[in-house]
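For reference, the chains in residue letters:
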Amino acid sequence: MASYIMSERRVRTRFAPSPTGPLHMGGVRTALFTYLFAKKHGGDFLLRIEDTDQTRYVQGAEEYIIEALNWCGIHIDEGVNVGGKYAPYRQSERKASGIYQTYAQQLVEAGHAYYAFDTAEELEEMRAQLAAAKVAAPQYNSVTRQNMKNSVALSEDEVNKRLKAGDPYVIRLKVPRNEEIRFHDIIRGWVVVNSNQVDDKVLLKSDGMPTYHLAHIVDDHLMEITHAVRGEEWLPSAPAHILIYRYLGWEQTMPLYAHLPLLLKPDGNGKLSKRDGDRLGFPVFPLNWTDPATGEVSSGYREKGYFPEAFVNMLALLGWNPGTNQELFSMEELIEAFSFERVSKSGAKFDPEKTKWFNQQYLRKYPITEIADQFEETLEKHNVSANREYVEKACELLREKAHFVHEFWELGAYFFMAPDVFDEKVISKKWDDQARSFFKGLPDAMKKSGNSAIELEEGFKSYAESAGVKANSMLQLLRVLVTGAASGPALFDTIALIGKEESVNRVETAIQKLS
């Protein structure tokens, strides 16, 4: 077993999104990798909602997250929607017990955190002064704190006076000066950062709500989380998080971190963001999302006709590879194959065309009864009623040429109604006197053949030979006369399903129209 498994502890992982809008596909990938790892090692997967930033809370986002995970087949063992012994799993509710305030105060009393009374204007002035002094990354740290209004720089009497007067304050982490902070990342190996590069993170805001930096650590510790998986955008904050664990006395039991690589735009230039949804021609969300404030709808993979298995399969291979040529994985196979050793450190380019390919593969694998169920909804919209067995056979043929079930009608409406238009390119190129003469005699020849695809094909070839015409030269025209389309599923399988008599009628009708 890999060295990053704590053999004496049950593996417990969590996905902890903020309900600030729809769940981005990058977030789904984080949840997926977290889930795969937990299940591979017989562990637990938790869903925790980190809603500490109430100003960014969006109505309906939490429900969206849960529905998206369910659609993807990511099953939650503990969490906001299923409960568990560490409930509540919503941070705004956990705050009511005072746990975050308690640990923030513990850090203050131990000298590892401090009160900061600075106003927003004073903070902005500090940053402006540092920027004017050509400081590359202006921040509140071990140097600048000495010139600000906080319990490190102010006298004890002044601090007590402010606290007693009820002056607004935040609690900040007191990062030591010029110390080496080391931690081991499961994906990236050893990470070493000098504390001078780390700012004094706000741990508790003036409204009493904890920030992510404190809350996720307290919750991970109390919920006995063993592995914390998140995006690489959190890597710069990790040194501060290591210090918080250390100062609270939890460093020996802190979870192991895995910082996943970014999902990149198809051209590789920049992170694939929520703002890219639909703008680049493809969804970036698992499900449709309607903005409650504007009513604007962002498209999702489910509503675009993707199978959840295809979506999950595609996500799994963005940043992870199995070390083999296998590309199609069931969830069970992913659980069996997954490991963080095979997760890349570099960003993964998203390929929308490959995503369609995945859906095509699952379209071919899905039980035909489920495919037919979906297609019958389309048929109803077009006021078409057909024998169920016939619908399933049509779906069998159509899915070999389609990426989505919703394409079936456009690709194969001719299975349910005779065409009234015929592919212009083929007709203009191939419909000549020889073709007209050939097809005038074809109906009688077809009537003499059997009804199966093989018999129909043999009869066609036999007739072509007797007419002194190469059979292959007339195949595409035959398809156009019967279906109206220039291409499609296997021709004689198509004719056999439509039926010999109906196909003969279509050929005769087409000849009349084209004449």
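Residues numbered from 1 in each chain as written. Predicted model: local features only at pLDDT ≥ 70, side-chain atom pairs only at ≥ 80, totals over all residues. Heavy atoms only, no water.

(A) Quick look at the overall build of the protein. Broken down by element type, the protein carries 20 helices and 14 strands. On C-alpha atoms alone, the protein measures out to a radius of gyration of 32 Å, which is more than a quarter above the 24 Å that the 2.2 N^0.38 rule sets for 515 residues. Taking the principal axes of its C-alpha atoms as reference, the protein extends roughly 110 × 50 × 40 Å. Evaluated residue by residue, the protein yields a buried proportion of 51% over its 515 residues. Nonlocal contacts in the protein, meaning residues at least 24 apart in sequence, comprise 72% of its contacts between residues at least 6 apart. Summed over its atoms, the accessible surface of the protein is roughly 24,300 Å², and 47% of this surface lies on carbon and sulfur atoms. For the protein, the separation between the mean place of its 61 positive charges and that of its 72 negative charges on side chains is 4 Å. (Helix = DSSP H or I, 4+ residues; strand = E, 2+ residues; numbered from the N terminus. Rg over C-alpha atoms; globule rule 2.2 N^0.38 Å. Buried < 20%, exposed > 50% of the residue type's maximum accessible area, 1.4 Å probe, protein only. Contact = heavy atoms within 4.5 Å. Areas by Shrake-Rupley, 256 points an atom, 1.4 Å probe, with all protein chains shown as cover. Lys, Arg positive; Asp, Glu negative; His and termini not counted. Charge placed at Lys NZ, Arg CZ, Asp CG, Glu CD.)

(B) Geometry of the pattern of salt bridges. In this structure the tally under the stated criterion is 35 salt bridges. Glu-457 is the partner of Lys-461 in a salt bridge, and the nearest nitrogen-oxygen pair spans 3.4 Å. Remark: Glu-457 and Lys-461 occur in helix H17 (residues 453–466); sequence separation between them is four residues, near one turn of the helix. With relative accessibility at 44%, the residue Lys-461 sits in the partly exposed group. (Salt bridge = Lys/Arg side-chain N within 4 Å of Asp/Glu carboxyl O.)

(C) Spotlight on the pairing of strand E10 (residues 256–260). Where burial is concerned, most of E10 is hidden: four out of the five residues are buried. Bridge analysis of strand E9 (residues 227–231) against E10 gives five bridges, and the strand direction is parallel. Residue pairing for E10: Val-229 is matched across the bridge by Ala-258. One crossover worth recording links E9 to the parallel E10 by way of helix H8 (residues 238–247), and it is right-handed. (Pairing = 2+ DSSP bridges. Right-handed = clockwise from strand over helix to strand, strands pointing away.)

(D) View of the layout of surface pockets. For the largest pocket, the calculated volume is near 1,100 Å³. Forming the boundary of the largest pocket are 40 residues, of which Pro-17, Ser-18, Thr-20, Glu-233 and Trp-234 lie nearest the centre. Elements with a minimum of two residues in the lining of the largest pocket: strand E1 (12–15), helix H1 (25–40), helix H7 (212–222) and E9. It is H1 that provides the largest number of residues to the lining of the largest pocket, a total of four residues. (1 Å grid on protein atoms, 1.4 Å probe; cavity = no way out; pocket = protein on both sides within 12 Å on 5 of 7 lines; lining within 4 Å. Points joined across faces, edges and corners; volume = space filled by probe spheres on them.)

(E) Just the packing of aromatic side chains, in detail. For the structure shown, the criterion picks out 29 aromatic pairs. A ring pair is formed by Trp-71 and Phe-311, whose centres lie 5.7 Å apart and whose planes are at 40°; its orientation type is tilted. Note that Trp-71 is positioned in helix H2 (residues 61–72) and Phe-311 in helix H9 (residues 308–316), a separation of 240 residues in sequence. By relative accessible area, Phe-311 is classed as buried at 0%. When the ring of Trp-357 is compared with that of Phe-358, the centres are 5.2 Å apart and the planes differ by 75°; the resulting orientation is edge-to-face. On the accessibility criterion, Trp-357 (26% relative accessible area) is partly exposed. On the basis of relative accessibility, which here comes to 3%, the residue Phe-358 falls in the buried class. Members of the aromatic cluster, connected to one another through ring pairs, are Phe-33, Phe-37, Trp-320, Phe-329, Phe-338 and Phe-340. Between Arg-182 and the ring centre of Trp-190, over which it is positioned, the NZ or CZ distance is 4.9 Å. Taking NZ or CZ as reference, Lys-354 lies 5.7 Å from the ring centre of Phe-358, over its face. (Phe/Tyr/Trp six-rings, centres within 6.5 Å; stacked < 30°, edge-to-face > 60°. Lys NZ or Arg CZ within 6 Å of the ring centre and 35° of its normal.)

Read these as layout, nothing more, since geometry by itself doesn't imply function.
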